[in-house]
Amino acid sequence: MAQRFVGRLLAAVVVFGAPGCKERSDKPVAGLLAAGAPVLRVEGKEWRPIAVGSQLLGHDELKATGPAVLEFFGGGLRFLEKGDSLEVGAADEAKLHGVNLPSRHIVEGKLQEAPRPLRIIAARYTQVQVTPASAQQDDPYSSNGYFAAFFSYKGLSPNKASDAPAPEGPRKPLPPPPHRPRVPHIHAGALGEGGLVATVEDGFVVAETDDLATAVLLEGGDVPLGRTVRLVVPDGAEVVLRTAEGRELEVEGPADVRLR
């Protein structure tokens with residue numbers, strides 16, 4: 001009888017204790033593909049900025065101070081705007097096994113459907129999750145240092161992600177942390193000169209180069225795409241691409257476009 005009572009007691013503890021438990025996992029489920037303003041992750045009681053290219057765990061809680069994109073290892077993309085908050089593993093995109101944007105490519109100056117891209121997404125990210133020392137100061141948004149961890153051609157303006165002035169973007173990606181594998185990973189950086197010229201007419205667009213540098217393109221102004229091989233266009237966004245000969249191609253979201 002005593003053993004039976006103890007067994008029932010333990011079962012009751014498990015049943016009533018379960019709702020208060022929050023499952024944590026050290027397995028990354030997504031990565032920060034691009035950001036045009038700091039993306040913050042809660043650490044203890046503080047919010048800390050994370051770098052483009054960082055792996056993200058399911059229990060990570062994020063807050064965006066401007067446009068950003070998460071790439072889930074199942075293939076889905078999640079777009080964030082200023083003020084958005086998210087628990088990574090709770091996102092609908094975390095449950096996807098496949099892309100959630102139509103794949104497109106440019107053939108003879110026209111946009112056409114394309115096969116689903118074949119790439120191992122998890123391999124594109126690493127445990128960088130660090131920012132320059134200057135980004136850990138009391139006012140990281142007023143420092144040039146954090147701009148080595150994310151990249152936008154227009155700085156924090158015109159989306160006004162903060163009241164801080166918009167310093168000039170970085171000239172090189174975030175330095176790799178110790179013991180980082182010497183293989184290409186997603187990182188923030190410039191796109192290079194030449195190539196197609198993009199003008200974002202509405203929303204924002206993400207560009208990715210052949211060396212996995214990413215940048216957020218905001219409304220207004222002409223941006224040379226340089227070594228860009230991929231454009232990610234959210235739903236509702238619109239961008240116009242122009243060749244050196246003056247030909248134009250309008251791309252409306254949602255679309256994941258391969259340029260070459």
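First, a word on what this report is: a plain description of the structure on this page. None of the values given here were measured: they were computed from a predicted structure.

Rules used in this analysis
Residues numbered from 1 in each chain as written. Predicted model: local features only at pLDDT ≥ 70, side-chain atom pairs only at ≥ 80, totals over all residues. Heavy atoms only, no water. Phe/Tyr/Trp six-rings, centres within 6.5 Å; stacked < 30°, edge-to-face > 60°. Helix = DSSP H or I, 4+ residues; strand = E, 2+ residues; numbered from the N terminus. Buried < 20%, exposed > 50% of the residue type's maximum accessible area, 1.4 Å probe, protein only. Lys NZ or Arg CZ within 6 Å of the ring centre and 35° of its normal. Core = buried A, V, L, I, M, F, W, Y, C linked by side-chain atoms within 4.5 Å. Contact = heavy atoms within 4.5 Å. Salt bridge = Lys/Arg side-chain N within 4 Å of Asp/Glu carboxyl O.

Throughout the structure, instances matching the rule amount to two aromatic pairs. With 6.0 Å between their ring centres and 35 degrees between their planes, F73 and Y125 make a pair best called tilted. Note that F73 is positioned in the loop between strand 6 (68-72) and strand 7 (77-80) and Y125 in the loop between strand 10 (110-113) and strand 11 (187-188), a separation of 52 residues in sequence. Where F79 meets F204, the ring centres are 6.3 Å apart and the plane angle is 70 degrees; that geometry is what we call edge-to-face. On the criterion of sequence distance, the pair formed by F79 in strand 7 and F204 in the loop between strand 12 (197-202) and strand 13 (205-209) is long-range, its members being 125 residues apart. The buried category is assigned to F204, whose relative accessible area is 5%. Taking the ring centre of W47 as reference, the NZ or CZ of K63 above it sits at 4.4 Å.

This next bit is on the nonpolar core. L32, L33, V39, L56, L62, L70 and V206 are the most contacted members of the largest nonpolar core, which has 31 residues in total. Contributing elements (two or more residues each) for this core: strand 1 (28-35), strand 5 (61-64), strand 6 and strand 7. With five residues, the single largest contributor to this core is strand 1. Filtering out sequence-adjacent residues up to four positions away, V206 remains in contact with L33, A34, V69, A215, V216, R230, L231 and V232.

Moving on, we come to the environment of G66. Within the secondary structure, G66 sits in the loop between strand 5 and strand 6. By relative accessible area, which is 2% here, G66 ends up buried. The spacing of G66 and A37 is 29 residues in sequence and 4.8 Å in space, taken between C-alpha atoms.

We now examine the pattern of salt bridges. For the structure shown, the criterion picks out 11 salt bridges. In this structure, E43 and R41 form a salt bridge, with 2.5 Å as the shortest nitrogen-oxygen distance. What you see here is one network of salt bridges that share partners, running through E71, R124, E208, R230 and D256.

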